[in-house]
Structures are given as C-alpha cells and as structure tokens.
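# Working through the structure, step by step
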Amino acid sequence: MIDFIFENAEAFQKKTIKIIVERAVTQVFKEISFNKDFYLSVLLTNNQGIKKINKRYSSLNKSTNVLSFPYNEIRFFEHKKQKVILGDIVISLEKVLEESGIENKTFTNHLTHMTVHSVLHLFGFTHEKQKDFNIMKNKEVSVLTKLQISSPY
C-alpha cells in the first residue's frame, strides 16, 4: 500500500502524480523481486517543505529533489497480516519540475526517475562510493528502460 500525502502541491494533478509514482514503484519491485505486502509513505511537497525536512534530518539547509527514510521493518496489521514498512519518501514536485526544464527532460520521466532512485534507497542502494553508484545507476537504468524511458546518465 502506498500512502500519498500532498502538501503545498496544488499546482500538480494529484491523480497523474499517483499513477507515475505507483508505476515506478511497481517496476522497482519487479526489478528486485520484491513481492511482499508493504506500506510506503510518499510525501509530495514543494521546495520549502523538503528544505525543512532536509534541515531537520540531514542538517542541510537546502531543498533537494528527493529524500528517502528507510525502515524495512515487519509489522502486523489488521487480522495479524504482516506488512513490510518500507519507509518514507519525500519528493519536491517543484524541484523535479525545475530540474526537468534545466535538463531538458519531461516532468513525467524525471519524476519517474526520482521515484525509482528514492525507492532503491529504501532497499539499501547508495551512491556514496563509485562502486555503489555504478550498481545503483545500473538498477535505475534497467528499471527506466523497462518503463520505456531512456537513461538519464
């Protein structure tokens, strides 16, 4: 289950955004063979909203495109049903729109890429070291290719 929260994102079509995010998440799950019941929180906000969160949790006083907060805990819900709590993703739709214009990409393709990127973080993929960056980049490109989106790299 994906729980969508929109905050200061009135300029964007919520239904369309949900479809883009759900499609990206589903393809990442296929790529890494994840097929468990899950809970994922996705906050869609603007630059100011993500800047506040970035400052609070990363001590960086600036906006960014996405933030990922992995949990990966198994919890029991109604009727003793297990779900994996994957974590939280925060996306600045404003930043994604800005970047898509600067990088000459469609908003949909860039939002898809940023969603794929943030979901991979929830599963432990990183890009701090060159080796890890290459592994994560290859996963991203593989997922995007399956979604008929060319490599952003």
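Here we summarise the structure given alongside this text.

### Thoughts on helix α4 (residues 107-122)
The end-to-end C-alpha distance of α4 is 23 Å, a good match for the 22 Å that 16 residues give at a rise of 1.5 Å each. Across the 16 residues that make up α4, a large majority, 14, are buried. Just downstream of α4 lies G124, where phi reads positive at about 95 degrees.

### Brief notes about the nonpolar core
Judged by nonpolar contacts, the single largest core of 37 residues is most densely connected at I17, L40, V42, L44, I91, L93 and L111. Looking at this core, the elements with two or more residues in it are β1 (2-6), α1 (14-31), β2 (38-45), β4 (82-92), α3 (93-102), α4 and α5 (130-146). When neighbours within four sequence positions are excluded, L44 is seen to be in contact with F4, I5, F6, E7, A9, I17, I91 and L93. Among the nonpolar cores identified, the runner-up in size contains 5 residues, and L43, I53, L67 and V90 belong to it.

### A short note on the packing of aromatic side chains
Tallied over the full model, the rule gives 7 aromatic pairs. Plain terms: the ring middles of F29 and F123 are 6.0 Å apart, the flat faces sit at 85 degrees to each other, and that makes the pair edge-to-face. Of this pair, F29 sits in helix α1 while F123 is found in the loop between α4 and α5, placing the two residues 94 residues apart along the sequence. Exposure remark for F29: the relative accessible area of 9% places this residue in the buried category. Residue classification places F123 among the partly exposed residues on the basis of a relative accessible area of 23%. Measuring from centroid to centroid gives 5.9 Å for F133 and Y153, while their planes differ by 90 degrees, and the two rings are edge-to-face. In this pair, F133 is assigned in helix α5 and Y153 in the segment after α5, connecting sequence segments 20 residues apart. Under the relative-accessibility criterion, F133 is labelled partly exposed at 25%. A residue is classified by how much of its surface remains accessible, and Y153, at 43% relative accessible area, is partly exposed. Joined through ring pairs, the aromatic side chains of F29, F34, F38 and F123 make up one cluster.

### Some words on unusual backbone geometry
Backbone geometry at S33 places phi at a positive 55 degrees, although glycine is not the residue there. You can see S33 is positioned in the loop between α1 and β2. The phi angle at Q148 is positive, at roughly 60 degrees, despite the residue not being glycine. Relative to the helices and strands, Q148 resides in the segment after α5.

Rules behind the numbers
- Residues numbered from 1 in each chain as written.
- Predicted model: local features only at pLDDT ≥ 70, side-chain atom pairs only at ≥ 80, totals over all residues.
- Heavy atoms only, no water.
- Helix = DSSP H or I, 4+ residues; strand = E, 2+ residues; numbered from the N terminus.
- Expected span 1.5 Å × (residues − 1).
- Buried < 20%, exposed > 50% of the residue type's maximum accessible area, 1.4 Å probe, protein only.
- Core = buried A, V, L, I, M, F, W, Y, C linked by side-chain atoms within 4.5 Å.
- Contact = heavy atoms within 4.5 Å.
- Phe/Tyr/Trp six-rings, centres within 6.5 Å; stacked < 30°, edge-to-face > 60°.

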